[in-house]
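As a plain string of letters, each chain reads:
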Amino acid sequence: MKRYVYINDSDTSPDLYRDNRISNRKYTIINFVPKNLYEQFSRFMNKYFLLIACLQLWSLITPVNPASTWGPLIFIFAVSATKEAWDDYNRYISDKQANEKNVWVVKKGIKTRIQAQDIRVGDIVWLRENDEVPCDLVLLGTSESQGVCFLETAALDGETDLKTRVIPPPCAGLTPDLLHKIKGVIECPCPDKDIRRFDANLRLFPPFIDNDLCPLTIKNTLLQSCYLRNTEWACGVAVYTGNETKLGMTRGLPEPKLTAVDAMIDKLTGAIFLFQLVVVVILGVAGNVWKSSEARKKWYVQYPKEGPWYDFIVIPLRFELLCSIMIPISIKVSLDLVKSLYAKFIDWDLHMYDEKSDTPAHAANTGINEDLGQVEYILTDKTGTLTENMMVFRRCCINGVCYGNESGDALKVMAICNTVVPIKSASGSISYKSQSQDEDALVNAASCLHMVLTSKTGNFLDMNFNGLVLRYEILDTLEFTSDRKCMSVVVRDCQNGRIMLLSKGADEAIFPCISSEQQVRPVVEAVEHFAQLGLRTLCLAWRDLKEDEYRDWSIMYKEASSSLIDREWKVAEVCQQLEHNLELLGATAIEDRLQDGVPETIETLRKAGINFWMLTGDKQNTAIQIALLCNFISPEPEGQLLLIQGKNLDEVSRSLERVLLTMRISSTEHKDVAFIVDGWTLEIILKHHYEAFTDLAMLSRTAICCRVTPSQKAQLVELLKACDYRTLAIGDGGNDVRMIQEAHIGVGISGREGLQAARAADFSIGKFRFLKRLILVHGRYSYNRTAFLSQYSFYKSLLICFIQIFFSFVSGVSGTSLFNSFSLMAYNVFYTSVPVLMSVLDKDLSERTVMQHPQILFYCQAGRLLNPSTFAGWFGRSLFHAAVVFLVTIHAYSNEKSEMEELSMVALSGCIWLQAFVITLETNSFTILQHAAIWGNLIAFYVINFIVSTIPWAGMYTIMFRVCKQPAYWLTMLAIIILGMGPITALKYFRYTYRSSAINILQQLERSQPNTHSNPNLEAPIKNMEREVSPLSVTHPKSSKASVYEPLLCESPSTKRAAGVAAFDFLQASPSRLSIIYSRSKNN
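Residues numbered from 1 in each chain as written. Predicted model: local features only at pLDDT ≥ 70, side-chain atom pairs only at ≥ 80, totals over all residues. Heavy atoms only, no water.

**Things to note about the overall build of the protein**
Next up, step 1: Counting secondary structure elements, the protein contains 36 helices and 33 strands.
Next up, step 2: Within the protein, buried positions represent 54% of all 1084 residues.
Next up, step 3: Here the contacts in the protein between residues at least 6 apart in sequence split such that 75% fall between residues at least 24 apart.
Next up, step 4: Of the roughly 46,500 Å² that the protein leaves accessible, carbon and sulfur atoms contribute 57%. (Helix = DSSP H or I, 4+ residues; strand = E, 2+ residues; numbered from the N terminus. Buried < 20%, exposed > 50% of the residue type's maximum accessible area, 1.4 Å probe, protein only. Contact = heavy atoms within 4.5 Å. Areas by Shrake-Rupley, 256 points an atom, 1.4 Å probe, with all protein chains shown as cover.)

**Points about the pattern of salt bridges**
Next up, step 1: Inspection of every chain in the model, using the stated rule, returns 45 salt bridges.
Next up, step 2: A salt bridge links Glu-152 to Arg-229; its shortest N-O distance comes to 3.1 Å. Separated by 77 residues along the polypeptide, Glu-152 in strand 6 (residues 148-152) and Arg-229 in strand 12 (residues 227-229) bring together distant segments of the chain.
Next up, step 3: Its salt-bridge partner being Lys-713, residue Asp-381 comes within 3.3 Å of it at the nearest N-O pair. With Asp-381 in the loop between strand 15 (377-380) and strand 16 (387-398) and Lys-713 in helix 21 (residues 710-722), this residue pair connects regions lying 332 residues apart in the sequence.
Next up, step 4: Linked by salt bridges that have partners in common, Arg-197, Asp-199, Arg-567 and Glu-568 make up one network. (Salt bridge = Lys/Arg side-chain N within 4 Å of Asp/Glu carboxyl O.)

**Quick look at the packing of aromatic side chains**
Next up, step 1: Across all of its chains, the model carries 32 aromatic pairs by this definition.
Next up, step 2: A centroid spacing of 6.1 Å and a plane angle of 85 degrees characterise the contact between Tyr-377 and Trp-613, whose relative ring orientation is edge-to-face. A residue pair is termed long-range when its members are at least 10 positions apart, and Tyr-377 in strand 15 and Trp-613 in strand 27 (residues 611-615) qualify at 236 residues. Note on accessibility: Tyr-377 and Trp-613 belong to one class, buried.
Next up, step 3: Over the aromatic face of Tyr-17 sits the side chain of Arg-3, whose NZ or CZ is 4.0 Å from the ring centroid.
Next up, step 4: A cation over an aromatic ring shows up here: Lys-111 above the ring of Trp-126, its NZ or CZ 4.3 Å from the ring centre. (Phe/Tyr/Trp six-rings, centres within 6.5 Å; stacked < 30°, edge-to-face > 60°. Lys NZ or Arg CZ within 6 Å of the ring centre and 35° of its normal.)

**Observations concerning the sheet that holds strand 14 (residues 362-363)**
Next up, step 1: Taken in spatial order, the nine strands line up as 14-33-32-31-15-27-30-29-28 in an open sheet, and their pairing is mixed. The open sheet terminates on both sides in strands that have one partner only, identified here as strand 14 and strand 28 (639-644).
Next up, step 2: Where strand 27 and strand 30 (residues 702-706) come together, four bridges link them in parallel fashion. Within strand 30, the residue paired with Trp-613 across the bridge is Ala-703.
Next up, step 3: Against the sheet, helix 18 (residues 649-666) contacts strand 28 and strand 29 (672-678), and its axis sits at roughly 160 degrees relative to strand 28. (Pairing = 2+ DSSP bridges. Axes fitted to C-alpha atoms, helices over the stretch in contact; angles between N-to-C directions.)

**Quick word on the pairing of strand 18 (residues 421-424)**
Next up, step 1: In this structure, strand 18 lies alongside strand 19 (residues 430-433), joined through four bridges in antiparallel fashion. Residue pairing in the sheet places Val-421 in a bridge with Lys-433 of strand 19.
Next up, step 2: Counted between consecutive antiparallel strands, the loop separating strand 18 from strand 19 contains five residues, among which Gly-428 sits at a positive phi close to 100 degrees.

**Observations regarding helix 18**
Next up, step 1: Under the 1.5 Å per step criterion, the end-to-end length of helix 18 is 26 Å for 18 residues, consistent within 8% with the ideal 26 Å.
Next up, step 2: You can read the cap of helix 18 off the contacts: a side-chain oxygen lies 3.2 Å from the backbone nitrogen of Asp-650, and it is on Asn-648. (Expected span 1.5 Å × (residues − 1). Polar contact = N/O pair within 3.5 Å; in protein donor to acceptor, adjacent residues only side chain to side chain.)

**A look at the side chain of Glu-187**
Next up, step 1: With respect to the element layout, Glu-187 can be found in strand 8 (residues 184-189).
Next up, step 2: In terms of polar contacts, Glu-187 uses its side chain to reach the side chain of Lys-2, at 2.6 Å.
Next up, step 3: Contact partners of Glu-187, with chain neighbours within four places excluded, come to Lys-2, Arg-3, Tyr-4, Ala-200, Asn-201 and Leu-564.

**A look at the nonpolar core**
The tendency in soluble globular proteins is for nonpolar side chains to be buried side by side.
Next up, step 1: In terms of nonpolar packing, the biggest core is built from 149 residues, with Ile-378, Leu-728 and Leu-771 touching the most fellow members.
Next up, step 2: Ranked by residues supplied to this core, first place goes to helix 24 (residues 770-808) with 22 residues.
Next up, step 3: In contact with Ile-378, other than residues within four places in its own chain, are Leu-605, Ile-610, Asn-611, Phe-612, Trp-613, Leu-728, Ile-730, Leu-771 and Ile-775.
Next up, step 4: Counting residues in hydrophobic clusters, the runner-up holds 50 residues, among them Ile-7, Trp-126, Leu-127 and Leu-137. (Core = buried A, V, L, I, M, F, W, Y, C linked by side-chain atoms within 4.5 Å.)

**Notes on the packing of helix 10 (residues 409-416) against helix 11 (residues 437-448)**
Next up, step 1: Across the interface, helix 10 lies against helix 11 with an axial gap of 8 Å and an inter-helix angle of 135 degrees. What the angle tells us is that helix 10 and helix 11 run oblique. The handedness of the crossing between helix 10 and helix 11 is left-handed. Contacts between helix 10 and helix 11 involve Leu-411, Met-414 and Ala-415 from the former and Leu-442, Val-443, Ala-445 and Ala-446 from the latter.
Next up, step 2: Looking at the contact of helix 10 with helix 11 residue by residue, the classes come out as seven nonpolar, no polar and no charged. (Parallel < 35°, antiparallel > 145°, perpendicular 65-115°, else oblique. Left-handed = near helix turned anticlockwise from the far one by under 90°. Nonpolar A, V, L, I, M, F, W, Y, C, P; charged D, E, K, R; others polar.)

**Details of helix 11**
Next up, step 1: Across its twelve residues, helix 11 extends 17 Å between first and last C-alpha, which sits within 8% of the 16 Å expected from 1.5 Å per residue.
Next up, step 2: The complete set of buried residues in helix 11 reads Gln-437, Asp-438, Glu-439, Ala-441, Leu-442, Val-443, Ala-445 and Ala-446.
Next up, step 3: With its phi angle positive at about 75 degrees, His-450 sits one or two positions after the end of helix 11.

**A few points about the environment of Ile-114**
Next up, step 1: Along the polypeptide, Ile-114 turns up in strand 3 (residues 110-115).
Next up, step 2: Its relative accessible area of 16% is what places Ile-114 among the buried residues.
Next up, step 3: Distance from Ile-114 to Asn-102, taken between C-alpha atoms, is 5.5 Å for residues twelve residues apart in sequence.

**Focus on the confidence of the model for the protein**
Next up, step 1: In the predicted model, the protein carries a mean pLDDT of 82, and the fraction of residues at 70 or more is 87%.
Next up, step 2: When the elements of the protein are averaged for pLDDT, helix 36 (residues 1077-1083) gives the smallest value, 37, and strand 15 the largest, 94.
Next up, step 3: In this model residues 1029-1037 is a low-confidence stretch, pLDDT under 50, and it forms 19 contacts with partners more than four residues away in sequence or in other chains.
Next up, step 4: Note that residues 1039-1084 has pLDDT below 50 and, in this model, 125 contacts with residues that lie over four places away or in other chains. (pLDDT = per-residue confidence, 0-100.)

**Topic: the pairing of strand 21 (residues 460-465)**
Next up, step 1: Sheet analysis places strand 20 (residues 451-457) next to strand 21, joined by six bridges and oriented antiparallel. By the bridge assignment, Leu-453 is partnered in strand 21 with Met-463.
Next up, step 2: Sheet topology note: the strand 21/strand 22 (residues 468-478) ladder contains six bridges and is antiparallel. Pairing of Leu-461 across the sheet is with Tyr-472, part of strand 22.
Next up, step 3: The hairpin turn running from strand 21 into strand 22, its antiparallel successor, is two residues long, and Asn-466 in that turn takes a positive phi close to 55 degrees.

As structure tokens, then:
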């Protein structure tokens, strides 16, 4: 599909395309309520609670006032809707400001000032210096005589260097008056979001030029949100407007990512729902049996002799309403709230602030913080991620001689074959603006060797070589792509008319194009030597072109460049017809230094059981040397690097088979084994040996993939995800975006390549070393806190529900509620919510201890704090506490002449007291806020109920005053606390003292030596921890690994699985890969 844009012709299809009104709003005033309700009810839990609330409107079956469910439901919906409305209002304000900006356009040959939202496709838009581009334009004219303008694209791609944009050749030399009258048509594709590609054609109508077709590329465009810099004015025709601009097409909410914790909570919710149905059926049948056999014998039970036909479902439905609170209605809102706080903790962390670049850490995705604590694989880019991306020209080899030759031919390639823009200051000094750090280093190196690029004017450039001024005309530029891996320019020497092809690129792209008559061995050896030093290499080549040869090729190139379908592929094919029989001039070597702290970060995270894969476009030897420098792999004899290579399918198959066999044999040894593969071989493997490579991925802790494309990076992430591993991808450039978006967690580094990766990522950091703190501190704390909060939410709901079930056995299994409507509503919304939210401040270990002993991350990776077994522990605790509260209350008031409301208040008070002590027992570190939340909430409970007890129509009139005057009430509270917390406290003390886990050992050390930063006494506890963690390590891949679970009440990993867990086996989470991790971690 394509569109035709008629330039400066408002009468031709004026309403064919949309106007320039930007709208990022999700709602309107009219559709907000229905659309928001539809979105909220798209979740299963909300549908379930709505059904329960509707059933409560049936007075025959509801045991409580419908407000007990409708109140919390409306409150939760209101909170979510308010947040959505506020976010949408902010989007509306932002859109309004953009739409009402004033811009200059040409209407019927007259320059007119209008609002940006009124721009139409085909209008000519005029920009002044520092103006923001209001829509996507094709550049038609500029104030510069050479037909160029400078654009700041930071708002679009995050790159701070200015970009050069050029007018199409047919528009060259047109004055502003002629530009007001220009007519023509642009043939372009339908709107898309690719900001690096624009394949279109321009044809101007007479009298401006004959009907010659001119191809357009992204270099002829000004995209929305960019700024015009260092150019007095520029004008262009609008081709994409409104939300159809390239920036508008990229807007929108990203696909939500489901964390492992969220998946487990969904499974546990399903299990509770099934358990609830079983309970409802059993109690419903029992209630109907008792009603038929015993109830009619009781004079005080006034059941009618004849009931309606649906009478048999009344009691089951009553129990369904009573048991509906088994699933906590507030769990999603609570989790969303605390996850937002986790994200703020990341934003506020000054330890992850990079002062040099003034870059703080930022959590863009607030819903996946806990997944950071369960990362198993990190896939990382190299350049700009592990290294500084600050290129320094170190060496070159030209005809076997370093630093150039007398003619300076190689220096010409370095200075000409690039996209660098020279900028001359008022003092006469020259600086360079480049989109590539490699090109910047090469041009500066050539300048130091007296080949100085002085200016670029249109298609002409000037150089100064030892005082001699050289001028060249750029005829064509053969762009660099990740597939071609090289760049070429065709230039004409203005001194003698000679046409030359200058090329630079990767050795694998240049060497096959070298003339067979030339001896290339010295350069090949130099390239290998440079790569072994960890330097980035580029090869330089050239050849002369005959006039006829260039003319014939230029026709083919122009035809390929004008194609709207498969233009990139057709252009690459034509380029190959020119890039052959080259003369190899030499090779360059550029140093890209490692960032500070990279080796220490990788070593620490490997100790934490995290596996590393390096995905880079660099040469194999360069990647190996960087991997050795940053502790990615170990040198011989501690480590072993296995090479997968081959020139065809058979060779690759044999090589992969050998490596896979070696890896299986080495899996039981204490040796760091890794494999390396290049992009060509990887393409064959992924196409023909996907399953074998998957087996290899599950066996290997470390891999180096070199010369890979962005699509291959994303494929490797997808492969590891298919093996059910938790993946984290980290990069800094636009070529890493696909990998970052594909991974469970994407981390972008705000680097010299711009902010594309950081903007596409879930988290952004300034340097790679901050990844250690992001995972070990923030990831681990988030996982621990979320695991506790989610299970505690189920515990408090099950506690009150089990008491209702026990009460049914003494109330004729009739489905009568022990608690009144206000108590049930306040229980979930007020009485139990505030204290548990303070768990966001809890720390089981200090940050220093966590960073010093990364091995404890194994507990998070294995899901040790949230799984069916730990949930069974909380389930059993709620059942035990419900039995204690109910039996103690019934026994204490069995001889008292008390109303049921008093009994209800005593039982409710017992629940509140128990939960205060449960939170206290489970809290590891106390702050003033936590104490205030726990004990202040207990006081608030009494204050609220005293107030409600003064209201006659509230159903609790004088209840609280009466029960608090009775000594039996306070003795009952004391008995409930002792009987409920005594056994659990004793069990926890026994585990902590005599069956200590690794975390318990470190907690004891912290309490006994709180100010110790480095103490030799830590050696023995760490050895104990290693022995304890060893059962987590197995010798089989993840797909065949047995799960390891433990109840929350039993933190020792050596404990057997608790009885009753088998009921949850069908809900087991996908086990985490921990094979061979422990033994190799010790060696590190």
